[in-house]
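# Structural overview
Residues per chain are reported as follows:
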Amino acid sequence: MWRDTCVLYHLSKSYDFTDQRIICALVTADLVGNIVHTKASISGTEIDCQGEVDVACAMAAAAANQLFGGSPTQIEYAAEIALEHHMGMTCDPMCGLVQIPCIERNAYAVARALDSNIYSTFSSYGYHRVSFDKVVETMKETGKDIPSLYKETSQGKLAKDYGQMI
Ligand code: SF4
């Protein structure tokens, strides 16, 4: 997903990380995305925006944490924080176009990914109560519970006042 690539691009330009380390972080991000893809979904149509922006944020958070030297537990925690705190986010693209709220929402998620990395880094060795796997499972259930009104139909939230899908 391009959102985690944005975070890695930013980090590669702002810090002195080697290409090798950036590639390793990209692999970690990929792993996180694949876990969600396999166990839940990364489709806005299926489980809402939580499956798109949310997952990308978790991928970026894990990658950033690895780059800054996080342990496996801290990496998992960074991904978990990012995923948990976007859970339930619905899809409401205005006029059916992936512009509003998508562009701003993705930019915010980039900032949240970096925050998740910091929070995990300063936690006590990544100790946390809720596992990444548990959040993935719950996210899938939450996605099923959300009405189709909020699944890329542009019929709910602000989208309903700014035109229907075209
Ligand atoms: S709100 Fe935008 S970014 Fe989020 S799932 Fe819908 S189309 Fe994708």
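For the structure itself, look to the data block above.
Description of the structure in this document. (Residues numbered from 1 in each chain as written. Predicted model: local features only at pLDDT ≥ 70, side-chain atom pairs only at ≥ 80, totals over all residues. Heavy atoms only, no water.)

A few words on the overall build of the protein chain. Helix and strand content of the protein chain: 7 helices and 0 strands. Counting all 166 residues of the protein chain, 45% fall into the buried class. For the protein chain, the proportion of contacts with a sequence separation of at least 24, taken over those separated by at least 6, is 78%. For the protein chain, the accessible area works out to roughly 8,900 Å², and carbon and sulfur atoms hold 59% of it. Distance between charge centroids for the protein chain: 2 Å, based on 13 positive and 20 negative side chains. (Helix = DSSP H or I, 4+ residues; strand = E, 2+ residues; numbered from the N terminus. Buried < 20%, exposed > 50% of the residue type's maximum accessible area, 1.4 Å probe, protein only. Contact = heavy atoms within 4.5 Å. Areas by Shrake-Rupley, 256 points an atom, 1.4 Å probe, with all protein chains shown as cover. Lys, Arg positive; Asp, Glu negative; His and termini not counted. Charge placed at Lys NZ, Arg CZ, Asp CG, Glu CD.)

One can describe the packing of helix 5 (residues 72–84) onto helix 7 (residues 132–145) by two numbers: an axis separation of 9 Å at closest approach and a directional angle of 25 degrees. Our classification of the angle between helix 5 and helix 7 gives roughly parallel. Relative to helix 7, helix 5 is oriented so that their crossing is left-handed. Facing helix 5, whose interface residues are E76, A79, E80, L83 and E84, helix 7 presents F132, V135, V136 and M139. (Axes fitted to C-alpha atoms, helices over the stretch in contact; angles between N-to-C directions. Parallel < 35°, antiparallel > 145°, perpendicular 65-115°, else oblique. Left-handed = near helix turned anticlockwise from the far one by under 90°.)

So, about the nonpolar core. Nonpolar side chains tend to gather and get buried jointly when the protein is soluble and globular. Ranked by internal contacts, the top residues of the largest apolar core, which has 37 residues, are L83 and F132. Of all elements in the fold, only helix 1 (2–14), helix 2 (19–39), helix 4 (53–67), helix 5, helix 6 (102–121) and helix 7 reach the threshold of two or more residues within this core. Per-element accounting of this core gives the leading share, 11 residues, to helix 4. When residues no more than four places from it in sequence are discounted, the contact partners of L83 are D54, V55, A58, F132, V135, V136 and M139. (Core = buried A, V, L, I, M, F, W, Y, C linked by side-chain atoms within 4.5 Å.)

Residues in contact with the ligand, as listed here, are C49, E52, V53, C91, D92, C102 and R105. Across the shell around the ligand, the residue classes tally to 4 nonpolar, no polar and 3 charged. (Near = heavy atom within 4 Å. Nonpolar A, V, L, I, M, F, W, Y, C, P; charged D, E, K, R; others polar.)

Our focus in this paragraph is the state of the cysteines. Under the criterion given, the structure shown has 0 disulfides. Free cysteine: C57, not disulfide-bonded; nearest cysteine sulfur from C49 at 11 Å. (Disulfide = S-S within 2.5 Å.)

This brings us to the pattern of salt bridges. Summed over the entire model, instances satisfying the criterion amount to 6 salt bridges. In this structure, the salt-bridge partner of R112 is D115, at a minimum N-O distance of 2.5 Å. In this pair, R112 and D115 are both assigned in helix 6, 3 residues apart and thus about one turn of the helix distant. Using a relative accessible area of 36% as the deciding quantity, one classes R112 as partly exposed. In the salt-bridge network here, residues are joined through shared partners; they are D92, R105 and K157. (Salt bridge = Lys/Arg side-chain N within 4 Å of Asp/Glu carboxyl O.)

What follows deals with the environment of R105. By the secondary structure assignment, R105 is in helix 6. Given the relative accessible area of 16%, R105 is considered buried. Residues R105 and C49 lie 56 residues apart in sequence; the distance between their C-alpha atoms is 9.7 Å. Residues within four places of R105 in sequence aside, it is in contact with C49, V53, M89, T90, D92 and K157.

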